[in-house]
Amino acid sequence: MILESIGLPFSQVGELLDTLRKRGETVATAESLTAGLVAAALTDVPGASDVVRGGLVVYATDLKAELAGVDRDLLAEHGAVHPRVAELLADGARTRCRADWGIGLTGVAGPDPQDGVAPGTVHLGFAGPGGATVHSVRLAGDRHRVRAAAVRVALEHFADLLR
């Protein structure tokens, strides 16, 4: 199970999904750094199909623009790991998957820097009915730990936004 491998309590994700269900809202993801792990974590819980619309895995920079609608000029100027990219990924997930909420993730898992950005740098975008926000964090550990922590932080922050 995905949730076990990243150390996220099953009940915590179940509560997040229940909150969306009670509100009559849906969610979609656009993931680079985590390559679909957030969507996989959400759908690890039975009944997730009530609220999870889908997701985009946009690991390659060009796909961030083509599939999620991230501005090509922004990508050319700042690279793929930037707070505004996370915001636009979230908005792209929301609009392209016709969801109430979008979650976008970009960052560097390591071991090497990407475009001058240090490993462990993660930007999480959230787009919803009231607008968009970005939460940026620095995470420690090897590649697996950074990615797992990014999923945990994204879902915890999203749960907080829904409160």
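Per chain, residues are indexed from 1 in the order of the written sequence. Local features are withheld for residues below a pLDDT of 70 in this predicted model, meaning they are given only at 70 or higher, and side-chain atom pairs are given and counted only at 80 or more; totals for whole chains, interfaces and linings count all residues. No hydrogens and no water enter the side-chain calculation; it runs on all heavy atoms of the structure.

For this particular structure, what's the right way to read the overall build of the protein chain?
Numbering goes from the N terminus for both helices and strands, where a helix is a DSSP run of H or I of at least four residues and a strand is a run of E of at least two. A tally of regular secondary structure across the protein chain gives seven helices and five strands. Put simply, the radius of gyration uses C-alpha atoms, and a globule should come to 2.2 Å times the residue count raised to 0.38. Computed over C-alpha atoms, the radius of gyration of the protein chain comes to 14 Å, within 12% of the 15 Å expected from 2.2 N^0.38 for 163 residues, which places it in the range of a compact globule. Taking the principal axes of its C-alpha atoms as reference, the protein chain extends roughly 40 × 30 × 20 Å. Within the protein chain, buried positions represent 52% of all 163 residues. The contact criterion used is simple: two residues touch if any of their non-hydrogen atoms lie within 4.5 Å. For the protein chain, contacts bridging at least 24 residues in sequence account for 64% of all contacts bridging at least 6. Total accessible area computed for the protein chain in this model is approximately 7400 Å², and 49% of it derives from carbon and sulfur atoms. Each residue is assigned to one of three classes by its accessible area relative to the maximum for its type, calculated with a 1.4 Å probe on protein chains only: buried under 20%, partly exposed between the two thresholds, exposed over 50%. Using the Shrake-Rupley algorithm and a 1.4 Å probe, accessible areas are obtained, with residue cover drawn only from the displayed protein chains.

Would you explain the layout of surface pockets in this entry?
Think of a ball as big as a water molecule: rolled over the atoms, this probe shows where empty space is left. Empty space within the largest pocket amounts to approximately 180 Å³. Counting residues per element, the ones that place at least two in the lining of the largest pocket are helix H4 (61–66), strand E3 (101–107) and helix H7 (143–162). Using a grid of 1 Å spacing that covers the protein atoms alone, one calls a set of points a cavity when a 1.4 Å probe fits there but cannot get out, and a pocket when the set is open and has protein on both sides within 12 Å along at least five of seven lines; lining residues are those with an atom within 4 Å of a point. Grid points are joined across faces, edges and corners, and a volume is the space filled by probe spheres set on the points.

How do you make sense of the environment of leucine 8 when you look at a structure like this?
You can see leucine 8 is positioned in the loop between helix H1 (2–6) and helix H2 (10–23). Taking relative accessible area as the criterion, leucine 8 reaches 5% and is therefore assigned buried. Considered as a pair, leucine 8 and alanine 41 are 33 residues apart in the sequence and their alpha carbons are 8.6 Å apart.

Is there a simple way to think about the packing of H2 against H7 in this case?
Packed helices, taken two at a time, are described by the angle their axes make and the gap between the axes. All axes here are fitted lines through C-alpha atoms, helices being fitted over the stretch that makes contact, and every angle between N-to-C directions spans 0 to 180 degrees. With their axes 10 Å apart at the nearest point, H2 and H7 run at an angle of 35° to one another. The two elements H2 and H7 meet at a crossing, and its hand is left-handed. Residues Gln12, Val13, Leu16, Thr19, Leu20 and Arg23 of H2 lie in contact with H7, whose contacting residues are Leu155, Glu156, Phe158, Ala159 and Leu162. For this classification, the nonpolar set comprises Ala, Val, Leu, Ile, Met, Phe, Trp, Tyr, Cys and Pro, the charged set comprises Asp, Glu, Lys and Arg, and every other residue, Gly included, is treated as polar. Taken together, the residues of the contact of H2 with H7 sort by class into seven nonpolar, two polar and two charged. The handedness criterion is simple: a crossing whose near helix is rotated anticlockwise from the far helix by less than a right angle is left-handed, and one whose near helix is rotated clockwise is right-handed.

Help me understand the UniProt feature "domain: CinA C-terminal" (unreviewed entry) in the protein chain, please; the structure alone is not making it clear to me.
When the UniProt feature table is mapped onto this chain numbering, "domain: CinA C-terminal" (unreviewed entry) sits at residues 15–161. Taken end to end, residues 15–161 is 41% helix and 23% strand, and its two terminal C-alpha atoms sit 13 Å from one another. UniProt positions are given in the numbering used here, feature names are shortened, and annotations may be inferred rather than shown by experiment.

How should I be thinking about the nonpolar core in this particular structure?
Inside soluble globular proteins, nonpolar side chains tend to come together where they are buried. Ranked by size, the top nonpolar core spans 37 residues in total, and within it Leu16, Leu17, Leu42, Leu155 and Phe158 carry the most contacts. The element that contributes the greatest number of residues to this core is H7, accounting for 11 residues. Not counting the four nearest positions on each side in its chain, leucine 155 is found in contact with Leu8, Val13, Leu16, Val38, Ala41 and Leu42. Grouping buried Ala, Val, Leu, Ile, Met, Phe, Trp, Tyr and Cys residues that are joined through side-chain atoms within 4.5 Å yields what is termed a nonpolar core. Listed in part, the 16 residues of the second largest apolar core include Ala28, Ala65, Leu75 and Ala93.

Even after reading the chapter, I still don't get the side chain of threonine 121, so can you show me in this structure?
Tracing the sequence through the fold places threonine 121 in strand E4 (residues 121–128). Each residue touching threonine 121, except ones within four places of it in the same chain, is listed here: Val81, Thr106, Gly107, Val108, Val137 and Arg138.

Where do I start with helix H6 (residues 83–96) in this structure?
Helical geometry: 3.6 residues make up each α-helical turn, so side chains three or four residues apart lie on a common side. Along its 14 residues, H6 runs 20 Å from first to last C-alpha, staying within 8% of the 20 Å computed at 1.5 Å per residue. Within H6, burial applies to Val85, Ala86, Leu88, Leu89, Ala90, Gly92 and Ala93. Of the residues flanking the end of H6, it is arginine 98, one or two places downstream, whose phi is positive at about 50°. A helix's residues, less one, multiplied by 1.5 Å, set its expected span.

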